[in-house]
Amino acid sequence: MGRRLLLGLGQTAAVVLFIFALTEALPGDAAVALAGDQPDPARIARIRETMGLDRPAAERLADWVVGLLHGDLGTSLVSGRPVTGYLAAGLGPTLLLAAATLALLVPLSVGLGVLAARREGGRLDRTVSALTLAVHAVPEFAVGVLLATVFGLWLGWLPPTAVGADVFTEPAVLILPVVVLLSRPVCTISRLVRAGMIDAMASPYVAQARRYGVSGVRITWTHALPNALAPATQQLARTCDWLLSGVIVVEALFVIPGLGTVLIEAVAARDIPVVQGMAVVFGVVTVVVNLAADLAARRFAPRSEVAA
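Residues numbered from 1 in each chain as written. Predicted model: local features only at pLDDT ≥ 70, side-chain atom pairs only at ≥ 80, totals over all residues. Heavy atoms only, no water.

### Quick word on the UniProt feature "transmembrane region" (unreviewed entry) in the protein chain
Argument step 1. With numbering matched to this structure, UniProt assigns "transmembrane region" (unreviewed entry) to residues 95-116, 128-154, 174-193, 242-268 and 274-293.
Argument step 2. Structurally, residues 95-116 comprises 100% helix and 0% strand, and the distance from its first C-alpha atom to its last is 31 Å.
Argument step 3. Each end of residues 128-154 is marked by a C-alpha atom, and these two atoms are 28 Å apart; helix forms 89% of the span and strand 0%. (UniProt positions renumbered as here; feature names shortened; annotations may be inferred. Helix = DSSP H or I, 4+ residues; strand = E, 2+ residues; numbered from the N terminus.)

### Focus on helix 11 (residues 259-268)
Argument step 1. Listed in full, the buried residues belonging to helix 11 are Leu259, Gly260, Val262, Leu263 and Ala266. Looking down the long axis of helix 11, one finds its buried residues gathered within 160° of arc, a one-sided arrangement. In helix 11, the exposed positions that point more than 90 degrees away from the buried face belong to Glu265 and Ala268.
Argument step 2. Arg270, located one to two residues past helix 11, shows a positive phi value of around 55°. (Buried < 20%, exposed > 50% of the residue type's maximum accessible area, 1.4 Å probe, protein only. Arc of directions from axis to C-beta.)

### Brief notes about the pattern of salt bridges
Argument step 1. Counted by the stated rule, this structure contains one salt bridge.
Argument step 2. In this structure, Arg194 and Asp125 form a salt bridge, with 2.7 Å as the shortest nitrogen-oxygen distance. Of this pair, Arg194 sits in helix 8 (residues 175-201) while Asp125 sits in helix 6 (residues 123-136), placing them 69 residues apart in sequence.
Argument step 3. We classify Asp125 as buried; its relative accessible area is 2%. (Salt bridge = Lys/Arg side-chain N within 4 Å of Asp/Glu carboxyl O.)

### Some details on unusual backbone geometry
Argument step 1. One non-glycine residue, Val255, lies in positive phi territory at about 55°.
Argument step 2. Looking at the element boundaries, Val255 is found in the loop between helix 10 (216-254) and helix 11.

### Details of empty space enclosed by the protein
Over the atoms, a rolled probe matching the size of one water molecule traces out where space is still vacant.
Argument step 1. Applying the stated criterion across every chain, the model contains one cavity of 30 Å³ or more.
Argument step 2. Forming the boundary of the largest cavity are Leu112, Gly113, Ala116, Val128, Ser129, Thr132, Ser190, Arg191 and Arg194.
Argument step 3. Of all the elements in the fold, those that place two or more residues in the lining of the largest cavity are helix 5 (83-118), helix 6 and helix 8.
Argument step 4. A breakdown of the residues in the lining of the largest cavity according to their chemical character gives three nonpolar, four polar and two charged. (1 Å grid on protein atoms, 1.4 Å probe; cavity = no way out; pocket = protein on both sides within 12 Å on 5 of 7 lines; lining within 4 Å. Points joined across faces, edges and corners; volume = space filled by probe spheres on them. Nonpolar A, V, L, I, M, F, W, Y, C, P; charged D, E, K, R; others polar.)

### Quick notes on the nonpolar core
Argument step 1. Judged by nonpolar contacts, the single largest core of 37 residues is most densely connected at Leu97, Leu174, Val193, Met197, Leu225, Phe254 and Ile256.
Argument step 2. When contributions to this core are tallied by element, the ones reaching two or more residues are helix 5, helix 7 (140-154), helix 8, helix 9 (204-211) and helix 10.
Argument step 3. When residues in this core are grouped by element, the largest group, eleven residues, is from helix 8.
Argument step 4. With sequence-adjacent residues up to four places away left out, Val193 is seen in contact with Ser109, Val110, Gly113, Val114, Leu225, Ala228, Leu229 and Ala232.
Argument step 5. Counting residues in each nonpolar core, the second largest holds 19 residues, with Val16, Val83, Tyr86 and Leu263 among its members. (Core = buried A, V, L, I, M, F, W, Y, C linked by side-chain atoms within 4.5 Å. Contact = heavy atoms within 4.5 Å.)

Take a look at the structure:
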């Protein structure tokens, strides 16, 4: 755990440097965006000087890193608000969307994988495998457009977007986004659970448990499943990483006012501190989630060397 924590710190430092380099490479800046459609070079220079964008990159990087160490993600160049304010404003809808997705993802994936593995080669197994493979091949934005068109516009059963709705008081607006976010991860994780369960059920310790007269239900859920979950746990961590980018697409598609929407607006306005602050938060979350997945996978399969 100590080694993984040190590695995580190194990865976080690399993420910070990489994000700064990428944002520096973006064409234009907030001064150009604020100057309007017909910018005057002198006016752009004055705005850039006022914002401190004319300072050397190394000096700005040093100030930014010092602020990060003190918990300060910076200040928006466009509005003058702290970046933490943007995070606080968009965090609620994004967390609600991600939490609902994960709460459904784990039981659905494990249940489908175990069900298919217990009937290996049967009609149910072939049907589940074919459906998961087909659904996984469709990008989430295409699934979102299809679901919004069918259930939101044609049938009118669900709201096609969250425009004018409060996601906390009107949960119906989250049904389609959650289904879109679930569509691909359920396919991947359930197939991993199925493969792990098939291997576990054919292992010597399961055969020994059967000889001792242990019930099939107990063998499946107590003996076989924990060993089958080690690779699925790693994939779940990668799914959490994917959710960060998937949420951006889904929030833009269904007009949900979360972190994804805030990030898209900041990129459009070249509001670099907001982009940098949110990217750092996403990077740190990725490192922490992968560390937790390593520890959980080692708990499920202590004899295996696992590393995300």
